[in-house]
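These are the residues of each chain, in order.
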Amino acid sequence: MWGEDRHCERCNTPVIRKDLEQWFFRITDYAEELLDSAKIDWPERVTAMQTNWIGRSEGAHVVFKSEAGDDITVFTTRPDTLWALPSWSWRQSTRWWRN
């Protein structure tokens with residue numbers, strides 16, 4: 001798309017916005033079932049691709065205390081590296097930022 005008149009750079013047709021119907025799947029609801037590939041004889045490369053696509057992480061919830069005494073719970077896949085944690089940041093929309 002280029003120019004003020006919003007035309008396609010390849011075919012010079014007008015670019016328009018359309019509202020399209022979409023489907024959404026809650027893949028996290030089925031992660032365990034999909035990762036259990038023992039039920040089906042999948043090739044190894046397919047199993048690896050599916051595992052990487054689902055992206056389920058194992059880790060730990062760690063609780064920090066703020067200076068105000070509030071609990072701040074975070075999830076990490078590497079709790080062994082927290083001893084060297086010099087600082088952290090969070091986005092402004094969290095309740096910790098507003099307080």
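Further up the page is the structure itself.
On a predicted model such as this, the values are computed, not experimentally measured, just so you know.

This part is about the overall build of the protein. Summing up its helical and strand segments, the protein has three helices and two strands in all. Counting helices and strands in the order they occur from the N terminus, the protein gives α-α-β-β-α. The buried share among the 99 residues of the protein stands at 11%. Look at the contacts in the protein between residues 6 or more apart in sequence, and 11% of them connect residues 24 or more apart. Accessible surface, the protein: about 9700 Å² in total, of which carbon and sulfur atoms supply 52%.

With six bridges joining them, strand β1 (residues 60-65) and strand β2 (residues 71-76) adopt antiparallel strand pairing. Its bridge partner being in β2, Ala 60 is matched across the sheet by Thr 76. Linking β1 to β2, which pair antiparallel, is a turn of five residues; within it Gly 69 sits at a positive phi near 90°.

In the structure shown here, the tally under the stated rule is two salt bridges. Among the salt bridges present, the one from Asp 71 reaches Lys 65, with a minimum N-O distance of 2.7 Å. Its salt-bridge partner being Arg 78, residue Asp 80 comes within 3.0 Å of it at the nearest N-O pair. Taking the relative accessible area as the measure of exposure, Arg 78 reaches 45% and is therefore partly exposed.

Attention now goes to unusual backbone geometry. For Asn 12, which is not glycine, the phi torsion reads 65° and is therefore positive. Structurally, Asn 12 is set in the segment before α1 (31-35).

To continue, consider the state of the cysteines. Under the counting rule described, the total for this entry stands at zero disulfides. As a non-bridged cysteine, Cys 8 has Cys 11 as the owner of its nearest cysteine sulfur, 3.7 Å distant.

Analysis parameters
- Residues numbered from 1 in each chain as written.
- Predicted model: local features only at pLDDT ≥ 70, side-chain atom pairs only at ≥ 80, totals over all residues.
- Heavy atoms only, no water.
- Helix = DSSP H or I, 4+ residues; strand = E, 2+ residues; numbered from the N terminus.
- Buried < 20%, exposed > 50% of the residue type's maximum accessible area, 1.4 Å probe, protein only.
- Contact = heavy atoms within 4.5 Å.
- Areas by Shrake-Rupley, 256 points an atom, 1.4 Å probe, with all protein chains shown as cover.
- Pairing = 2+ DSSP bridges.
- Salt bridge = Lys/Arg side-chain N within 4 Å of Asp/Glu carboxyl O.
- Disulfide = S-S within 2.5 Å.

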